[in-house]
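In case you want the letters, here they are:
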Amino acid sequence: MIKANTFTLEYYGSILGLAKQQGYQILTLEDFWDKGCPTTKTLVLRHDVDVKTDTLKRMLDVERKHGCCSTLYVRVAGAPYNVLSYPLYRVLSDARADGFAIGLHTNYFEFATLNNESPLVVLSKETKIIQTVFPGVRSLASHRDHDFVHNCLPHVEEHWVAIQGMGFDFQAYDKRIHDAAEYVNEGYLGRLTWRNKTPEEVIRIGRSLFIMTHSHWWHEIHPFE
């Protein structure tokens, strides 16, 4: 039975500490891919930057304290923030300098559908923007809003050859990644909790673990700070 957790930064740090204590290597998604997606003793960290970007730096600082890095997926279309805003650009630029990876977080299919445009044309525009701001972006992760009206993942999978031609090496839901590592993320199921298993359960058995988080759900003391 999955227990509800208090999603504090201290708790997040304890997960990283436990993984290191158990001999896990902690990697960005890009490094995990480059190493051939090892199936044991590897923790992969991913953040989807959806809203409340002011909370992101605090999670990255926890990772810095533990000597590890993550992949940050940021939005450039339909987002409630601007990657070129002064505070967010500084956070992302500093993270890149420290070894963190940046990827494109996108629901280009929804954006195209709602604006009567070609999905691949929209994705091409998003890709040019993110690659201009942060050269070397290698991966994308599909974004889904709460109502799931237009899910772009099936379109990504169907048109992957064309998308790969835009400069992407992989997408975050690639079967090779998810076959190799247990995927765990937080979600709101009447309360904020881990979906499926907890990170601690996976670490105890030594299997590779892929944690996807959203920084706006993590806090120092309480969720309303």
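In case you missed it, the structure is sitting above this.
Rules and cut-offs
Residues numbered from 1 in each chain as written. Predicted model: local features only at pLDDT ≥ 70, side-chain atom pairs only at ≥ 80, totals over all residues. Heavy atoms only, no water. Helix = DSSP H or I, 4+ residues; strand = E, 2+ residues; numbered from the N terminus. Rg over C-alpha atoms; globule rule 2.2 N^0.38 Å. Buried < 20%, exposed > 50% of the residue type's maximum accessible area, 1.4 Å probe, protein only. Salt bridge = Lys/Arg side-chain N within 4 Å of Asp/Glu carboxyl O. Pairing = 2+ DSSP bridges. Axes fitted to C-alpha atoms, helices over the stretch in contact; angles between N-to-C directions. Left-handed = near helix turned anticlockwise from the far one by under 90°. Contact = heavy atoms within 4.5 Å. Nonpolar A, V, L, I, M, F, W, Y, C, P; charged D, E, K, R; others polar. Polar contact = N/O pair within 3.5 Å; in protein donor to acceptor, adjacent residues only side chain to side chain. Expected span 1.5 Å × (residues − 1). Phe/Tyr/Trp six-rings, centres within 6.5 Å; stacked < 30°, edge-to-face > 60°.

### Here's the deal with the overall build of the protein
Here's step 1: Regarding its fold elements, the protein presents ten helices and nine strands.
Here's step 2: Taking 2.2 N^0.38 as the reference for a compact globule, 225 residues should give roughly 17 Å; the C-alpha atoms of the protein span a radius of gyration of 17 Å, in line with that estimate.
Here's step 3: Principal-axis analysis of the C-alpha atoms places the extent of the protein at approximately 50 × 40 × 35 Å.
Here's step 4: When the 225 residues of the protein are sorted by exposure, 52% land in the buried category.

### Quick notes on the pattern of salt bridges
Here's step 1: Summed over the entire model, instances satisfying the criterion amount to twelve salt bridges.
Here's step 2: Between Arg64 and Asp98 there is a salt bridge; the shortest N-O distance is 2.8 Å. Of the two residues, Arg64 sits in helix 3 (residues 56–65) while Asp98 sits in the loop between helix 4 (86–97) and strand 4 (101–106), which places them 34 residues apart along the sequence.
Here's step 3: Judged by relative accessible area, which is 43%, Asp98 ranks as partly exposed.
Here's step 4: Through salt bridges with shared partners, a single ionic network connects Lys57, Asp61, Arg64 and Asp98.

### Some details on the pairing of strand 5 (residues 139–142)
Here's step 1: Burial along strand 5 is two-sided: the face carrying Ser139 and Ala141 and the face carrying Leu140 and Ser142 are both buried.
Here's step 2: Note that strand 4 and strand 5 share three bridges and pair parallel. Of the residues in strand 5, the one forming a bridge with His105 is Ala141.
Here's step 3: Two strands pair when backbone bridges link them, and strand 5 and strand 6 (residues 170–171) are joined in this way by two bridges, in the parallel orientation. Residue pairing in the sheet places Ser139 in a bridge with Phe170 of strand 6.

### What to know about the packing of helix 1 (residues 9–21) against helix 3
Here's step 1: At a minimum axis separation of 10 Å, helix 1 and helix 3 run at an interaxial angle of 35 degrees. Helix 1 and helix 3 meet at a crossing whose hand is right-handed. Between helix 1, through Leu9, Tyr12, Gly13 and Leu16, and helix 3, the contact on the second element is made entirely by Arg58, Met59, Val62 and Glu63.
Here's step 2: Looking at the contact of helix 1 with helix 3 residue by residue, the classes come out as five nonpolar, one polar and two charged.

### Description of the environment of Ser215
Here's step 1: Of note, Ser215 is situated in the segment after strand 9 (209–213).
Here's step 2: In the structure, Ser215 is positioned 76 residues away from Ser139 in sequence and 20 Å away in space, judged by C-alpha atoms.
Here's step 3: Among all residues touching Ser215, those that are not within four sequence positions of it are Lys52, Thr55, Leu56 and Met59.
Here's step 4: At 2.9 Å, the side chain of Ser215 forms a polar contact with the side chain of Thr55.

### Re helix 4
Here's step 1: Spanning twelve residues, helix 4 covers 17 Å between terminal C-alpha atoms, matching the ideal 16 Å at 1.5 Å per step.
Here's step 2: In this structure, the buried side of helix 4 is in contact with helix 3, strand 3 (71–74) and strand 4.
Here's step 3: In the segment just after helix 4, Gly99 is the residue with positive phi, at about 105 degrees.

### Considerations on the packing of aromatic side chains
Here's step 1: Here the structure, examined in full by the defined rule, presents ten aromatic pairs.
Here's step 2: Relative to Phe170, the ring of Trp33 has its centre 4.9 Å away and its plane inclined at 20 degrees; by these criteria the two rings are stacked. Within this pair, whereas Trp33 is found in helix 2 (residues 29–34), its partner Phe170 is found in strand 6, the two being separated by 137 residues in sequence.
Here's step 3: Judged by its relative accessible area of 17%, Trp33 is buried.

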